[in-house]
Amino acid sequence: MFIVHKLKCFSIHQIGGIYTVIQTKAKITVDEWGENYIMMGPYYEHNFKTQVEKCEPPNQAIKAAMDSLINNGCQVHFGRWLIEGSPYVILFDIGAAAWNLDRWKGDLWNACSIGLPYHDREANDSLIFGSLVAWFFKELTDQLQDKPNVIAHFHEWQAGTGLVLSRSRKIPLATVFTTHATLLGRYLCAGNADFYNNLDKFNIDQEAGERQIYHRYCLERAAVHCAHVFTTVSQITAVEANHMLHRQPDVVTPNGLNVRKFSAMHEFQNLHSMNKAKIQEFVRGHFYGHLDFNLEKTLFFFIAGRYEFSNKGADLFLESLSRLNYLLRVHKSDVTVVVFFIMPAKTNNFNVESLKGQAVRKQLWDTAQSVKEKFGKRLYESLLRGEIPDMSKILDRDDFTIMKRAIYATQRHSFPPVTTHNMLDDSTDPILSNIRRIGLFNGRNDRVKIVFHPEFLSSTSPLLPMDYEEFVRGCHLGVFPSYYEPWGYTPGECTVMGIPSVTTNLSGFGCFMEEHVSDPSEYGIYIVDRRFRSADESCSQLTQFMFSFCQQSRRQRIIQRNRTERLSDLLDWRYLGRFYMHARHLALSRSFPGKFKMDHLNLAPTQGFRYPRPASVPPSPSASLHSTPHHSDEEDDDTYDEEEEAERDRQNIKAPFTLGAEPEGKSKQPLENGN
């Protein structure tokens, strides 16, 4: 048995899907490797002081390698990252080593003929970081003398330079490279290219050159081809990587989460109810004067993430909302839908009208409490005297005056604002421009209301004082009809919180759910087909999903939330972490074939899941056609038993695939793993 130091290049200061992957996976990896698991990243003083506990390296070889760099003028820091699992981290100060940049550019050119322009700060920083990492690995492996061996796992092109330099210098490492999205794929989709229908038609070099990212693309492609094992996060990204980077991933490593299971089945339902009440309070203030809809029959939909209008599917979502509004009005539905867009954009402050709305709501609440106290006291005194109070005299004229003034204060002559902030680019903002086009201005007759919140949520906000997790738990449906989404953590987070969501078959999450759930819509995962349908057909399908959701009864929504939450096992790192285990063992077998054989590593079989249709749902004549989230009235009767259905789901978990040994023959060929 060999102890393996597993090192991963990461950045503490970054926020996003990759950050979530690395942070949430740390716990299960620390459980596997203990003190032999060390992360690596760039040093930022503020983040180090607030997120890292400084300490001494537990291993003398690591300390000696660090000392070697420090003695040569570099600054290297060691500590524990204060997250779950408390992994060790080694952080390199990029700024303190910038004086070596020109020499290291020459080293990179000599190694792989890739030149970096002086004006690309991010590429230059990645080179400095990669050079420090490769230097550290050289010192470390010299100290260890092959006992134990080292696995280095690199994420994304920014960290890939260290991999390229390590391999060119023949440093004895087992290397794994993971791309979470190809660099050129992001750029092409952001430019509204018909990406997936033209994957085999793009002139890759020309496209990268026209976007002035050719040097970055070369770094990414070099890292992909230098790695012993290449992985990506989903099947849809594997197809993309094969065309963009010309290498089929060896292993698909789906993204997971640390799933917190509640002790009581109903606890997450209670959290939904509590946080829904907080959102309702915001809606009362935001829509004051136009609150002619029943909040008990109001559903909250939301979309959240980076402000990538087309990539995140906000364009498709807005068009579908226009159609949904029409359907709800034509069918005279008593359901109102309030839709939140949580996407950060350039603003200069809160909208005065939005702040005024919350102030009016608070004033009305204070007035009601004041009158209630007077009313209660007089009623109490009247009952003590043994009298039935005269309701016309129990409130005096001053009370009526106060209430009338409060009512007059709620009058407004304008529509409730569409956005909560003052936008800097109001006239050209894509969301606001499309809202003007479809005419959804929060009018009285509109059954779909829109609230654009161009900031990430915070519990200290004077408008909507909620953290993101609280907000998600209070909503009814997350809508993420992304066109380009290599994985998609937002619908995954909805799932583990028991909130239904809409995704697409162009997202890694959507493909994963189609693979492992027979009828995703019955479990609250609605998958829009954006790959094999026209934009208009996809829009109609999304509209139908949302309209059918609006037709569900309260009990049906509760049942569906229970089913959605049960899918959280699919996304738990305790299961999905095994794909990373397999990638590491595969890298060892390829880099040190004399020591490691796949069939000798006793790798536990990676269990998958296959959820059939829920037991309480009547069988369909065509189970494969699950595009409409129709819910039978039979689910409203007393035969539905949540505990019994949950137990059946647990018993129906199957293993559709097993990760085995590397296939015979050409060892560098992609490993078929069925995921």
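Remember, it's a predicted structure, so these values are computed and weren't measured experimentally.

The rules behind the values
Residues numbered from 1 in each chain as written. Predicted model: local features only at pLDDT ≥ 70, side-chain atom pairs only at ≥ 80, totals over all residues. Heavy atoms only, no water. Helix = DSSP H or I, 4+ residues; strand = E, 2+ residues; numbered from the N terminus. Buried < 20%, exposed > 50% of the residue type's maximum accessible area, 1.4 Å probe, protein only. Salt bridge = Lys/Arg side-chain N within 4 Å of Asp/Glu carboxyl O. Contact = heavy atoms within 4.5 Å. Pairing = 2+ DSSP bridges. Phe/Tyr/Trp six-rings, centres within 6.5 Å; stacked < 30°, edge-to-face > 60°. pLDDT = per-residue confidence, 0-100. Axes fitted to C-alpha atoms, helices over the stretch in contact; angles between N-to-C directions. Parallel < 35°, antiparallel > 145°, perpendicular 65-115°, else oblique. Left-handed = near helix turned anticlockwise from the far one by under 90°. Nonpolar A, V, L, I, M, F, W, Y, C, P; charged D, E, K, R; others polar.

Participant: Honestly, the overall build of the protein chain in this entry has me stumped. Any pointers?
Facilitator: On a plain count of helices and strands, the protein chain comes out with 22 helices and 17 strands. Going through the 675 residues of the protein chain one by one, you find that 56% of them count as buried.

Participant: Could you clarify how one ought to interpret the pattern of salt bridges in this entry?
Facilitator: Close approach of charged atoms lets side chains of opposite charge pair. Taken as a whole, this structure holds 33 salt bridges when the rule is applied. Notably, a salt bridge pairs glutamate 470 with lysine 278, separated by 3.5 Å at the nearest N-O pair. Taken together, the residues glutamate 470 in helix H16 (residues 468-474) and lysine 278 in helix H11 (residues 267-286) connect sequence positions 192 residues apart. Through salt bridges with shared partners, a single ionic network connects Glu319, Arg323, Arg437 and Asp536.

Participant: Even after reading the chapter, I still don't get the environment of valine 259, so can you show me in this structure?
Facilitator: Assignment of secondary structure puts valine 259 in the loop between strand S9 (251-252) and H11. Judged by its relative accessible area of 15%, valine 259 is buried. Separated by 312 residues in sequence, valine 259 and leucine 571 place their C-alpha atoms 7.6 Å apart. Sequence-distant contacts of valine 259, defined by excluding residues within four places in its chain, comprise Val496, Ser568, Leu571 and Asp572.

Participant: Quick question: what am I supposed to make of the pairing of strand S8 (residues 229-232) here?
Facilitator: A regular strand places its side chains on the two faces of the sheet in alternate fashion. Because side chains alternate across S8, one face comprises the buried residues Val229 and Thr231, and the other comprises Phe230 and Thr232, equally buried. Pairing geometry for strand S7 (residues 174-179) and S8, over four bridges, is parallel. What sits directly across from valine 176, in S8, is valine 229. With two bridges joining them, S8 and S9 adopt parallel strand pairing. Counterpart to threonine 231 in the pairing with S9 is valine 251.

Participant: What is the right way to read the environment of asparagine 351 from this model?
Facilitator: Its location among the elements puts asparagine 351 in the loop between strand S12 (347-350) and helix H13 (352-384). What makes asparagine 351 buried here is its relative accessible area of 13%. With 69 residues separating them in the primary sequence, asparagine 351 and threonine 420 have C-alpha atoms 5.3 Å apart.

Participant: What is the right way to read the packing of aromatic side chains from this model?
Facilitator: The description of an aromatic ring pair uses the distance of the two centres, along with the angle that the planes make with each other. Taken as a whole and assessed by the stated rule, the structure comprises 29 aromatic pairs. Ring plane angle 70 degrees and centroid distance 6.1 Å describe the contact between tyrosine 19 and tryptophan 81, whose orientation is recorded as edge-to-face. One end of the pair, tyrosine 19, is in helix H1 (residues 17-33); the other, tryptophan 81, is in strand S4 (residues 76-81), and 62 residues separate them in sequence. In this structure, tyrosine 19 and tryptophan 81 share a single accessibility class: buried. Relative to phenylalanine 545, the ring of tyrosine 526 lies with its centre 5.4 Å away and its plane at 25 degrees, an arrangement referred to as stacked. On the criterion of sequence distance, the pair formed by tyrosine 526 in strand S17 (residues 525-528) and phenylalanine 545 in helix H19 (residues 535-550) is long-range, its members being 19 residues apart.

Participant: What am I meant to see in the environment of aspartate 641 here?
Facilitator: Take aspartate 641: it is sitting in the loop between helix H21 (573-591) and helix H22 (642-651). Overall, the relative accessible area of 36% leaves aspartate 641 in the partly exposed class.

Participant: It is not clear to me how the confidence of the model for the protein chain should be interpreted in this structure. Could you clarify?
Facilitator: In low-pLDDT segments, the atomic positions of the prediction should not be examined closely. Summing up the model confidence of the protein chain, the mean pLDDT is 87 and the portion of residues at 70 or higher is 87%. This stretch, residues 653-675, has a pLDDT under 50; its non-local contacts, to residues over four places away or in other chains, come to 61 contacts.

Participant: How do you make sense of unusual backbone geometry when you look at a structure like this?
Facilitator: One can expect most non-glycine residues to show negative phi and most peptide bonds to be in trans. Even without being glycine, serine 86 reaches a positive phi, approximately 45 degrees. The exposure class of serine 86 is partly exposed, given its relative accessible area of 27%. Positive phi, close to 70 degrees, is recorded for glutamate 156, a residue that is not glycine. Residue placement: glutamate 156 occurs in helix H6 (residues 156-168). What makes glutamate 156 buried here is its relative accessible area of 10%.

Participant: How should I be thinking about the packing of helix H4 (residues 101-112) against H6 in this particular structure?
Facilitator: A packed helix pair is summarised by two numbers, namely the angle formed by the two axes and the spacing between the axes. The interhelical angle for the contact between H4 and H6, taken along N-to-C directions, is 60 degrees, at an axis separation of 10 Å. Here H6 runs oblique to H4, going by the angle between their axes. As for how H4 packs across H6, the hand of that crossing is left-handed. Between H4 and H6, the residues in contact are Leu108, Ala111 and Cys112 and Thr161, Val164, Leu165 and Ser168, respectively. Each residue belonging to the contact of H4 with H6 can be placed in one class, and the counts come to five nonpolar, two polar and no charged.

Participant: When you look at the sheet that holds strand S14 (residues 448-453) in this model, what are you seeing that I'm missing?
Facilitator: The strands making up a sheet are joined through hydrogen bonds of the backbone, oriented either antiparallel or parallel. The strand order across the open sheet built from six strands is S14-S11-S10-S15-S16-S17, with neighbouring strands paired in parallel fashion. Sheet topology places S14 and S17 at the edges, where each strand pairs with a single neighbour. For this sheet, the mean angle separating the axes of adjacent strands, direction not counted, is 25 degrees. As defined by bridge partners, strand S10 (residues 298-304) adjoins strand S11 (residues 336-342) across seven bridges and the pair is classed as parallel. Note on S11: the bridge partner recorded for phenylalanine 300 is valine 338. Seen against the sheet, helix H18 (residues 508-516) touches strand S16 (501-504) and S17 and runs at an angle of roughly 115 degrees to S17.

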